[in-house]
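Below are the chains, spelled out letter by letter.
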Amino acid sequence: MLYKELIDFARPRLEEFFKNIKTFDNQFTYDNSSEKYYDLMYTQNSYDKIRTVKELKQEIPELQAQCKQCGNFFMNQRNNSIPKYDIIMGQQFENILIDFLQYKFKFNVVHGDKSDKRYPDCMILSGDKGIVAYFEVKYHAAPFICAINKINRYCYEGSATLDYQKTIKQLEIIDSDIERPVFYIHWIDYPCLKGIFFETSEQIKNYIYDSDNLFERKEREGDAMKSPKSVYLRKIYSPLLYMGTFEEFIDKIQHLIKGV
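Residues numbered from 1 in each chain as written. Predicted model: local features only at pLDDT ≥ 70, side-chain atom pairs only at ≥ 80, totals over all residues. Heavy atoms only, no water.

K.L.:
Which residues make up the sheet that holds strand β2 (residues 122-126), and what values do they have?
P.N.:
By definition, the strands of a sheet pair up through backbone hydrogen bonds, in either a parallel or an antiparallel sense. Taking strand neighbours across the sheet as the criterion, the six strands line up as β1-β2-β3-β5-β6-β9 in an open arrangement whose pairing is mixed. Two strands close off the open sheet at either side, each with one partner strand: β1 (108-111) and β9 (244-245). Note that strand β6 (residues 194-200) and β9 share two bridges and pair antiparallel. Considered in β9, the bridge of Phe-198 is made with Gly-244. Packing against the sheet, helix α1 (residues 2-17) makes contact with β5 (182-189) and β6, and its axis sits at approximately 70 degrees to β5. Strands β6 and β9 of the sheet are contacted by helix α2 (residues 32-43), whose axis makes an angle of about 35 degrees with β6. (Pairing = 2+ DSSP bridges. Helix = DSSP H or I, 4+ residues; strand = E, 2+ residues; numbered from the N terminus. Contact = heavy atoms within 4.5 Å. Axes fitted to C-alpha atoms, helices over the stretch in contact; angles between N-to-C directions.)

K.L.:
Tell me about the pattern of salt bridges, and please be specific about residues and values.
P.N.:
Tallied over the entire structure, the rule returns 13 salt bridges. Here Asp-99 ties to Arg-13 by a salt bridge, and the two come within 2.8 Å at their closest N and O atoms. Within this pair, whereas Asp-99 is found in helix α5 (residues 83-105), its partner Arg-13 is found in helix α1, the two being separated by 86 residues in sequence. Among the ionic pairs, Glu-62 bridges to Lys-36, the shortest N-O distance being 3.2 Å. (Salt bridge = Lys/Arg side-chain N within 4 Å of Asp/Glu carboxyl O.)

K.L.:
Mind laying out the packing of α1 against helix α9 (residues 246-258), listing which residues take part and the relevant values?
P.N.:
Contact geometry for α1 and α9: axes closest at 8 Å, N-to-C directions at 90 degrees. As summarised for this structure, α1 and α9 are arranged roughly perpendicular, according to the angle between their axes. On α9, the residues that touch Leu-2, Tyr-3 and Leu-6 of α1 are Phe-246, Glu-247 and Ile-250. Split into classes, the residues belonging to the contact of α1 with α9 amount to five nonpolar, no polar and one charged. (Parallel < 35°, antiparallel > 145°, perpendicular 65-115°, else oblique. Nonpolar A, V, L, I, M, F, W, Y, C, P; charged D, E, K, R; others polar.)

K.L.:
Describe the nonpolar core, and please don't skip the residues or the numbers.
P.N.:
Ranked by internal contacts, the top residues of the largest apolar core, which has 54 residues, are Leu-6, Leu-101, Phe-135, Trp-187, Leu-193, Phe-246 and Phe-249. Examining the composition of this core, we find that seven residues originate from one element, α5, more than from any other. Look past the residues within four positions of Leu-6 in its chain and what remains in contact with it is Ile-96, Leu-97, Phe-100, Trp-187, Ile-196 and Phe-246. With 16 residues, the next largest nonpolar core counts Tyr-134, Tyr-164, Tyr-207 and Ile-236 among its residues. (Core = buried A, V, L, I, M, F, W, Y, C linked by side-chain atoms within 4.5 Å. Buried < 20%, exposed > 50% of the residue type's maximum accessible area, 1.4 Å probe, protein only.)

K.L.:
Which residues make up α2, and what values do they have?
P.N.:
Because an α-helix completes one turn every 3.6 residues, residues spaced three or four positions apart along the sequence face the same direction. Residues of α2 that are buried include every one of Ser-34, Tyr-37, Tyr-38, Leu-40, Met-41 and Tyr-42, and no others. Residues of α2 that are buried make contact with α3 (53-59), α4 (63-74), β6 and β9. Where α2 begins, the capping side chain belongs to Asp-31, and its oxygen is found 3.1 Å from the backbone nitrogen of Ser-33. (Polar contact = N/O pair within 3.5 Å; in protein donor to acceptor, adjacent residues only side chain to side chain.)

K.L.:
Let's hear about empty space enclosed by the protein: which residues, and what values?
P.N.:
Under the counting rule described, the total for this entry stands at one cavity of 30 Å³ or more. Taken as a whole, the largest cavity spans an internal volume of roughly 30 Å³. As for the largest cavity, its lining consists of Glu-136, Lys-138, Lys-166, Thr-167, Gln-170 and Tyr-184. Those elements that provide at least two residues to the lining of the largest cavity are β3 (130-140) and α7 (164-177). Looking at which element gives the most residues to the lining of the largest cavity, the answer is α7, with three residues. Split by residue class, the lining of the largest cavity holds one nonpolar, two polar and three charged. (1 Å grid on protein atoms, 1.4 Å probe; cavity = no way out; pocket = protein on both sides within 12 Å on 5 of 7 lines; lining within 4 Å. Points joined across faces, edges and corners; volume = space filled by probe spheres on them.)

K.L.:
An account of α9 is requested, with residue identities and associated values reported.
P.N.:
The first and last C-alpha atoms of α9 sit 19 Å apart over 13 residues, in line with the 18 Å expected at 1.5 Å per residue. Residues of α9 that are buried include every one of Phe-246, Phe-249, Ile-250 and Ile-253, and no others. All buried residues of α9 fall inside an arc of 100 degrees around its axis, so they share one side. Once α9 finishes, Gly-259 follows within two positions and takes phi at roughly 75 degrees, a positive value. (Expected span 1.5 Å × (residues − 1). Arc of directions from axis to C-beta.)

K.L.:
Pulling in residues and values, what's your account of the layout of surface pockets?
P.N.:
Approximately 260 Å³ is the volume found for the second largest pocket. Lining the second largest pocket are 19 residues, and of these Val-53, Cys-67, Ile-145, Cys-155 and Tyr-156 lie nearest its centre. Counting residues per element, the lining of the second largest pocket draws most heavily on α4, which supplies four residues. Grouping the constituent residues of the lining of the second largest pocket by class yields 16 nonpolar, two polar and one charged.

K.L.:
Give a description of the environment of Val-109 that names residues and reports values.
P.N.:
Looking at the element boundaries, Val-109 is found in strand β1. A relative accessible area of 2% means that Val-109 is categorised as buried. Excluding its chain neighbours within four sequence positions, the residues that come into contact with Val-109 are Ile-98, Leu-101, Gln-102, Met-123, Ile-124 and Phe-135.

Pasting the structure below:
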């Protein structure tokens with residue numbers, strides 16, 4: 001699986017970067033259990049008859065203990081978010097994915113326009129076509145454990161977060177200024193489900209304006225360190241089962257580069 005190749009490629013850098021940070025036991029891994037979770041939670045799942053967490057625990061007996069361990073770890077606040085460190089961490093995952101795409105597929109991937117923060121963070125270039133696509137990278141390690149009570153969705157499926165207002169602003173820029181495909185890549189690293197998934201800006205426009213999908217988080221200590229314009233309390237949770245796979249993302253980029 002391509003995600004396992006990414007993890008093997010990235011693990012030394014991730015272990016070094018997080019050496020002084022407490023992580024979940026199986027963070028930055030992908031094993032046989034991960035394959036089983038991926039298959040039942042994503043590949044063989046659909047919104048027509050979505051698997052409940054209860055059903056998944058019946059199909060995967062070890063998930064019962066995994067869920068308990070996950071709850072004990074993520075329900076308690078582990079540290080206060082410090083904005084500058086959050087930015088550095090986000091850049092770490094961007095850099096790893098950029099380096100992997102360059103190493104594995106020889107894609108010409110670079111960081112986007114830093115002078116305008118509204119633009120997507122990364123660009124894929126082609127020699128004769130210029131910019132062929134943009135993408136954003138969102139790393140998610142902590143499931144929204146209370147999702148079923150807060151947004152009536154299951155934690156494994158409803159935890160991939162986007163900042164509502166920030167994404168709205170970016171969609172406006174995409175419509176007015178960017179004449180290229182834009183992808184939102186969700187690097188999911190929950191104790192159960194793991195993988196790279198993606199959605200397009202067009203997919204996001206189809207659901208982001210539905211107020212039923214919104215959730216407003218509480219303010220945190222780290223918010224006081226940001227400018228008011230950079231504090232995004234309203235969240236929206238992307239639908240996992242409508243997303244594409246890592247392999248499908250690569251295929252789309254290869255077709256864009258070839259102009260097929």
